[in-house]
Amino acid sequence: MKRRVLCSAVMAAGLALAGCGSAARTGSPSGNSQQGQQKLVVWDWKSGEPAAATYVEKVKADFAERHPGVTVEFVAQPFDQYYTLLGTAAQSRKGPDVMLFNGGGQIRDRADALLPLDPYVAQDRSRLAGWDAFTKDGRTYAAPVTLQGHPIYYNKTLYEKAGLDPANPPRTWDEFVRACSAVKKATGAACLALGNKEGFGIQFFMSGLGSGILTPQEYGDWIAGKRDWTSPHVRRIFELWKDAGDKGLNSAGANSTAMFTDVFRVFESGRAAHVIGLMSDVGHWKDFGEFLPPDKIGVMTAPVVTGGATPSLPYDGGIGYAVARWTKDPRLAADLVRSLTSADALTAFSASAGAIASDTTIDVSRAGPAVAAIVPEIRTGRPALHVALSSKTLDLMGRLSQQLLSGSTTVDKAVKQLAAADRAS
Amino acid sequence: MRGTSPSVRPAGPGRAGGTTTRREGRPGAARTGAGRTSRGARAERLAPYVLVAPAVLILVTLRLWPLVLGVNYSFTGDGASNGTPVGLSNYLELAGDPLFRTSLRNVGLLVLLLPVAVAIPGLLATFIYLRVPGHRVYRAVYFFPAVLSPVIVGAIVTLMLGFDGPLNAALGMIGVGPVDWLGDPGTAMFTVVGVHVWATFGMALVVFLAGFSTLDASLLDAARVDGASLRQVVRHVIVPGLTRTIQFVFVTTMIGMLTSMFGLLFVMTNGGPEGSTYLPEYYIWHQQGQLNRPALASAASTVLFVVMLVVGLAQITLLRRTGRLD
């Protein structure tokens, strides 16, 4: 009896409150902005790694010079949980003052918890590249630390074994497929190392090969948000994805191979000739260097699939530091962001952590031939195609791409669903 | 919290009032030294409330209040319409989301697989109880996976079941084509459930063994003397003797399956391939943590809560009914 009373009381309270309040906190200005704040807390998933030690040191030194007496605390969070933790912090409006973000959807979805940085970072604009990935509706929410992009890496040793010229990688899709079958015949290696367990494979595929499929006009429109899903070239991306699977170009078991980091092991161990990789953090030149000699790692531009396409390096701001809206002293926190992206700090970061830094003035001549091939492409590079899509569309695209590989959906159906999801978000 | 504490407190004075009236009706004796007795009596009357208060407060503030908040949030919007009431639209979105429907279907699948998950430890415990050769070793071996965390189990098994992993290599040697254990939407869910059962049946096995220790050995001896076969012994002696234990294992296995598969899913499949291994808890985590949709996640949590409530109540009714039969 009593339990029933309690239950109905809870029910009644629930119903009475239904629809009021909000799941995420609504924005209200955080007061006390001028109250002397002695400590800034930075959240990231990098500072705990030994490779980032010198970077953190340089940042702290640079900031201490300008603001003696303010301590900076770096809190390294596990990346798997990072955005969940950040979401919880944002809801309670108690959390870090400065935080690391991935560019694109991750930061745009959370822009309402962040402080626009435009007035604070004006001086860094021309020195750093990759701002677009941290911009939403014309406002900048973070300053880029690294650039993230999708160069196509190839294994020169396998090319040599197959009698191909490693200095002259294929330029068109037909040449690419021919080179692949030569490699397969001579070495048994697959053409493309593909990991699509998390649904990331399609993102890399779309961005890595997109500039060889869409015309420059279409590419620009796509990035600007005018995405024409009915265009035959957009459809071609997904056709090619399905074809590559059907024709056995991909490494085996793509849907159960994790992009991070199983698929890069497939490439490193010579079981696949190409991989659409990354430029920073993992899955890149430095990462592969553990098993492949640096001079055997080639970088090629996207093979041309449709006439009129001009291949370019797809890249965006990779990770960048943003300031929380609830921080007590926005100017101070923004100043810390400037220290986090100072030339000195970024030099240290790119050297030890293995990243293409956002600062294009850094000397990379000692980083090896792959980096030497990537950096000149940054000038002509364009934002990656998948970064322009919302996380919801990307999530759906991941699942649809798995269905395309397994044959449980058709290209037409997939493109139609993606178009609907893209319009809705 | 503010809303709930008044509802608890008025009950005290109300009750106390009631008792005092009754006392007053009693003849003289109680009246002598009235002041002291009534103070002592009041303390005695209040004592139970004071004593249960911590438990009630913890339940109310840490369980019920968040539950009410969650239900409440599920009627508000996300993103731009954050904080505005949107009525049932989150629930309609859930109903229209194939991914959420898959996750509920998978819950149904888990319920269907429950008898298998109970039968395996039951059968193995029977063998151990009947002292098959090497039963001591088996007892330790069966329990061993139960001490591993799901993340470790998931990581190891993922390596083993990789498309180019050792299991497929072994299958290849005996001429069976490779199976994409975790990459084929038709097999992935069964693979994950299988691993979950393997990793957790040790606990149920121990419960079964404890149940066996209460079994009357003379019944078994009698059955043997009468020439019962193994199957007849299991069917007519062991199963009836273990009804309570079997019920208990059913309930705990059910709870384990519905609430602690997240770790395995997270490590082994990420909900894939093609979203085929989604469970409500993974869906909730995904919407809240990855897609930044706390209100939609609240709605999904509420649905999961209702499902668990229904399943739990159904089990309790079932247990009561069978309990009465004993």
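The rules we used
- Residues numbered from 1 in each chain as written.
- Chains lettered and ligands numbered in written order.
- Predicted model: local features only at pLDDT ≥ 70, side-chain atom pairs only at ≥ 80, totals over all residues.
- Heavy atoms only, no water.
- Helix = DSSP H or I, 4+ residues; strand = E, 2+ residues; numbered from the N terminus.
- Buried < 20%, exposed > 50% of the residue type's maximum accessible area, 1.4 Å probe, protein only.
- Contact = heavy atoms within 4.5 Å.
- Areas by Shrake-Rupley, 256 points an atom, 1.4 Å probe, with all protein chains shown as cover.
- Pairing = 2+ DSSP bridges.
- Phe/Tyr/Trp six-rings, centres within 6.5 Å; stacked < 30°, edge-to-face > 60°.
- Lys NZ or Arg CZ within 6 Å of the ring centre and 35° of its normal.
- Axes fitted to C-alpha atoms, helices over the stretch in contact; angles between N-to-C directions.
- Salt bridge = Lys/Arg side-chain N within 4 Å of Asp/Glu carboxyl O.
- Polar contact = N/O pair within 3.5 Å; in protein donor to acceptor, adjacent residues only side chain to side chain.
- Nonpolar A, V, L, I, M, F, W, Y, C, P; charged D, E, K, R; others polar.
- Disulfide = S-S within 2.5 Å.
- Parallel < 35°, antiparallel > 145°, perpendicular 65-115°, else oblique.
- Left-handed = near helix turned anticlockwise from the far one by under 90°.
- Right-handed = clockwise from strand over helix to strand, strands pointing away.

In the annotation of an unreviewed UniProt entry, the entry for chain A reads Multiple sugar transport system substrate-binding protein, and the organism field reads Nonomuraea roseoviolacea subsp. carminata.

Asks: I'd like to hear about the overall build of chain B, residue by residue, with values.
Replies: A count of helices and strands for chain B gives 15 helices and zero strands. Taking all 326 residues of chain B together, 37% fall into the buried category. For chain B, contacts bridging at least 24 residues in sequence account for 67% of all contacts bridging at least 6. Within the structure as shown, chain B displays about 18,300 Å² of accessible surface, and the carbon and sulfur contribution to it stands at 69%.

Asks: With reference to specific residues and values, describe the overall build of chain A.
Replies: What chain A contains, in helices and strands, is 17 helices and 14 strands. For chain A, the proportion of contacts with a sequence separation of at least 24, taken over those separated by at least 6, is 79%.

Asks: I'd like a rundown of the sheet that holds strand E12 (residues 315-317) of chain A, residues and numbers included.
Replies: All names here are of chain A. An order of E12-E7-E14 is seen for the three strands of this open sheet, with the pairing classed as antiparallel. At either end of the open sheet lies a strand with only one pairing partner, and these are E12 and strand E14 (356-357). Relative to E12, strand E7 (residues 146-149) is paired through three bridges, and the arrangement is antiparallel. Bridging from a neighbouring strand, Leu147 pairs with Gly317 of E12.

Asks: Lay out the packing of aromatic side chains in plain terms, naming residues and giving numbers.
Replies: All names here are of chain A. Summed over all chains, the structure comprises 30 aromatic pairs over all chains. One aromatic cluster in this structure is built from Tyr153, Phe200, Phe204, Phe260, Phe264, Phe267 and Phe288. The ring of Trp222 carries the charged tip of Arg227 above its face, separated from the ring centre by 5.8 Å.

Asks: Please give an account of unusual backbone geometry that cites residues and values.
Replies: Thr261(A) follows Phe260(A) through a cis peptide bond whose omega is 0°. Note on placement: Thr261(A) falls in helix H11 (residues 259-268). Cis geometry marks the peptide bond from Gly272(B) to Pro273(B); its omega dihedral reads -5°. Looking at the secondary structure, you find Pro273(B) in the loop between helix H13 (262-268) and helix H14 (280-290). Positive phi, close to 55°, is recorded for Arg93(A), a residue that is not glycine. Tracing the backbone through its elements, the reader meets Arg93(A) in the loop between helix H3 (82-92) and strand E3 (98-102). The phi dihedral of Asp137(A) is positive, around 50°, even though this residue is not glycine.

Asks: How would you summarise the sheet that holds strand E1 (residues 39-44) of chain A if you had to cite specific residues and measurements?
Replies: Two orientations exist for strands paired in a sheet by backbone hydrogen bonds: parallel and antiparallel. Residues and elements named next belong to chain A. The mixed open sheet is built from five strands, whose spatial order is E2-E1-E3-E13-E6. Strand pairing shows two members of the sheet lacking a second neighbour, strand E2 (71-76) and strand E6 (142-144), which therefore form its edges. Going from strand to strand, the sheet's axes swing by 25° on average, the running direction of each strand aside. Summarising the sheet, E3 and strand E13 (residues 319-323) pair through five bridges and their orientation is antiparallel. Residue Leu100 lies in a different strand from E13, and its bridge partner there is Tyr321. Running over the sheet, H3 touches E1 and E3 and is turned about 135° from E3. Sheet strands touched by helix H13 (residues 330-340): E1, E2, E3, E6 and E13. Its angle to E13, the strand with the most contacts, is close to 165°.

Asks: Outline the side chain of Thr341(A), supporting the account with residue identities and numerical values.
Replies: On the secondary structure map, Thr341(A) appears in the loop between H13 and helix H14 (343-354). Among residues more than four places away in sequence, those in contact with Thr341(A) are Asp124(A), Arg127(A), Leu128(A), Ala143(A), Pro144(A), Val145(A) and Leu346(A).

Asks: How would you summarise the interface of chain B and chain A if you had to cite specific residues and measurements?
Replies: Every contact between the two is made by 40 residues of chain B and, on the other side, 37 residues of chain A. Inspection of the chain B/chain A interface yields two salt bridges. Between Glu93(B) and Lys392(A) there is a salt bridge; the shortest N-O distance is 3.5 Å. Applying the counting criterion to the chain B and chain A interface returns nine residue pairs in polar contact (both at pLDDT 80 or more). The set of elements that each furnish at least two residues to the side of chain B that touches chain A consists of helix H3 (34-73), H13, H14 and helix H15 (294-325) of chain B. In terms of residue class, the side of chain B that touches chain A is made up of 18 nonpolar, 16 polar and six charged.

Asks: Explain the side chain of Thr84(A) to me, using residue names and the numbers behind them.
Replies: Within the secondary structure, Thr84(A) is located in helix H3. Taking the relative accessible area as the measure of exposure, Thr84(A) reaches 15% and is therefore buried. When residues no more than four places from it in sequence are discounted, the contact partners of Thr84(A) are Trp285(B), Gly289(B) and Gln290(B).

Asks: Any details on the state of the cysteines? Residues and values, ideally.
Replies: Residue and element names in this part refer to chain A. Under the criterion given, the structure shown has one disulfide over all chains. The partner cysteine of Cys180 in its disulfide is Cys191, sulfur to sulfur 1.9 Å. Here Cys191 lies in strand E9 (residues 190-192) and Cys180 lies in helix H7 (residues 173-187), a separation of eleven residues in the sequence. Exposure remark for Cys180: the relative accessible area of 3% places this residue in the buried category.

Asks: Got a sec to walk through the packing of helix H9 (residues 185-213) of chain B against helix H12 (residues 243-259) of chain B? Specific residues and values, please.
Replies: Residues and elements named next belong to chain B. At their nearest, the axes of H9 and H12 sit 10 Å apart, and the two run at 150° to each other. Classified by the interaxial angle, the pair formed by H9 and H12 is roughly antiparallel. Our pair here, H9 against H12, has a crossing hand that is right-handed. Residues Val193, His196, Val197, Ala204, Val207, Phe208 and Gly211 of H9 form the contact with H12, whose participating residues are Thr245, Ile246, Phe248, Val249, Gly256 and Met257. Of the residues belonging to the contact of H9 with H12, the class tally is nine nonpolar, four polar and no charged.

Asks: So what's going on with the pairing of E1(A)? Residues and values would help.
Replies: On a regular strand, each side chain points to the face opposite its neighbour's, so the side chains alternate between the two faces of the sheet. All names here are of chain A. Counting buried residues in E1 gives five out of six residues, a clear majority hidden from the surface. One ladder, built from six bridges, connects E1 with E2; its direction is parallel. Its bridge partner being in E2, Lys39 is matched across the sheet by Thr71. Once you follow E1 into helix H2 (residues 53-66) and on to E2, the crossover reads as right-handed. Pairing of E1 with E3 involves two bridges; the strand directions are parallel. Across the sheet, Trp43 pairs through a bridge with Met99, a residue of E3.

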